[in-house]
Amino acid sequence: MKKIKLSIEGFKCFRENTKVHINNLTLLTGANSAGKSTVIQSLLLNKMISESKSTDGKLVELDLNNKDYALELGTYDDIIFRDDNYHNDFFTESKDVVFSIDNAKAIIKVDDNIDAKKIVKVAVDNDFCLDINQFVYLNAYRMAPQYEYKKSEQSDFCDCHGTNTGDVIQKHSNDNCDKNRSLNFLGNKKWTIQLDEWISYIFPNVGIQISQSSADSYQVKILGNAATNVGFGITYALPILVNGLLVPEGGMLIVENPEAHLHAKAQSNMGYFLARMAAAGVHVIIETHSEHIVNGIRRMIVEGKTDMSHEDMTIYFFQNKNGENSIKEITMDDIGNLSEFPLDFFDQVRQDMLELMKLERKRKGMKDGEW
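Residues numbered from 1 in each chain as written. Predicted model: local features only at pLDDT ≥ 70, side-chain atom pairs only at ≥ 80, totals over all residues. Heavy atoms only, no water.

A. Region of interest: the environment of V136. Structurally, V136 can be placed in strand 10 (residues 135–138). Classification of V136 as buried rests on a relative accessible area of 4%. For V136 and V284, which are 148 residues apart along the polypeptide, the C-alpha to C-alpha distance reads 9.8 Å. In this structure, V136 is in contact with F157, C158, N243, V247, M252, L253 and I254, ignoring residues within four places of it in sequence. (Helix = DSSP H or I, 4+ residues; strand = E, 2+ residues; numbered from the N terminus. Buried < 20%, exposed > 50% of the residue type's maximum accessible area, 1.4 Å probe, protein only. Contact = heavy atoms within 4.5 Å.)

Here is the structure:
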């Protein structure tokens, strides 16, 4: 699929024009508070701008607080780039917030938003558009296991917190699944059968059932038990699997922290699943702190069972050093080698082992009377 060229300027931590190319599969990883979530929030805002764009040249109104995308950005004051060197005042040269998609711009101008309201005004180019067949977002905070779930009117896809996952499963229970989404590349199988196979792949010997408990509620049963008696891992992962199997070709799936509450092997297999969905023609964007997610993706691409190439994946490594944010692009070759392993890029095990070796030598030295 064609890469989407996203540029961000003046928004939160990004002072200067920062470019991120959204590949078929894009991973955002690295330090906390270094800009990963800001990139995702930029995409969410750009989607909202695209949906409300005016054709008569008037300014578009944009609500910075949107529950459908779990956005609570506050006011214009809260989203403008600030520099701690200026005691949290506006940056000396007040800058507009500028987004661009494939060089078409949307500008949240300082002078149009000087009152710092929650609803801002945006000047938008006529050809500005996040042109996506279907846009689905899963927030890092997904619904914890519940004994009962209330039925929802929205059931095409899981919402950003996965609160309606059972409804979505029930609605699509008789659908067929694209063989490219099938674990074993088999066609003409019911969607729910494919979901069960992927659940078993990530959680061996685990099955789920949706059972009606009243006219307006249902239970999610896992191994015959209520979800509250099983744990967080499956209920946190379930909306990822459901949305991944449902987002149509040409759509976009954004997932924050798919590794949450999963052990290492399940994380790797979740990475494999997300790579398979990307190979089926979905733009997949992942914010992750897990090397196991990354390695599961690498494994899927290198095994060569799909048409997905190593060139279809990009990793962006975010760093924050001395208050300066930077982004490093890391690519993969055709046998799974990554182009770089910068400091703090999934090397904490190595760092910890080196420190343990130093401490061991020190302790031995003290026992031998050398310290």
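B. Up close: a nonpolar patch on the surface. Nonpolar side chains collect at one region of the surface, where M353, L356 and L359 lie side by side and expose about 280 Å² of accessible area between them. Checked against the element boundaries, L356 lands in helix 8 (residues 348–367). (Patch = residues over 30% accessible without salt bridge, like charges linked within 9 Å, V, L, I, M, F, W, Y side chains within 5 Å. Areas by Shrake-Rupley, 256 points an atom, 1.4 Å probe, with all protein chains shown as cover. Salt bridge = Lys/Arg side-chain N within 4 Å of Asp/Glu carboxyl O.)

C. Up close: unusual backbone geometry. Positive phi outside glycine occurs at N103, with the angle close to 80°. The topology assignment puts N103 in the loop between strand 7 (97–101) and strand 8 (104–108). Look at F185: it is not a glycine, yet its phi comes out positive at around 60°. Relative to the elements of secondary structure, F185 occurs in the loop between strand 12 (176–177) and strand 13 (189–190).

D. Just the packing of aromatic side chains, in detail. Scanning the model with the defined rule gives nine aromatic pairs in all. Members of the aromatic cluster, joined through ring pairs, are W198, Y201, Y272 and F273. When the ring centre of F185 is taken as origin, the NZ or CZ atom of R276, which lies over that ring, is 3.9 Å away. (Phe/Tyr/Trp six-rings, centres within 6.5 Å; stacked < 30°, edge-to-face > 60°. Lys NZ or Arg CZ within 6 Å of the ring centre and 35° of its normal.)

It is worth stressing that arrangement in space is one thing and function is another; only the former is reported here.
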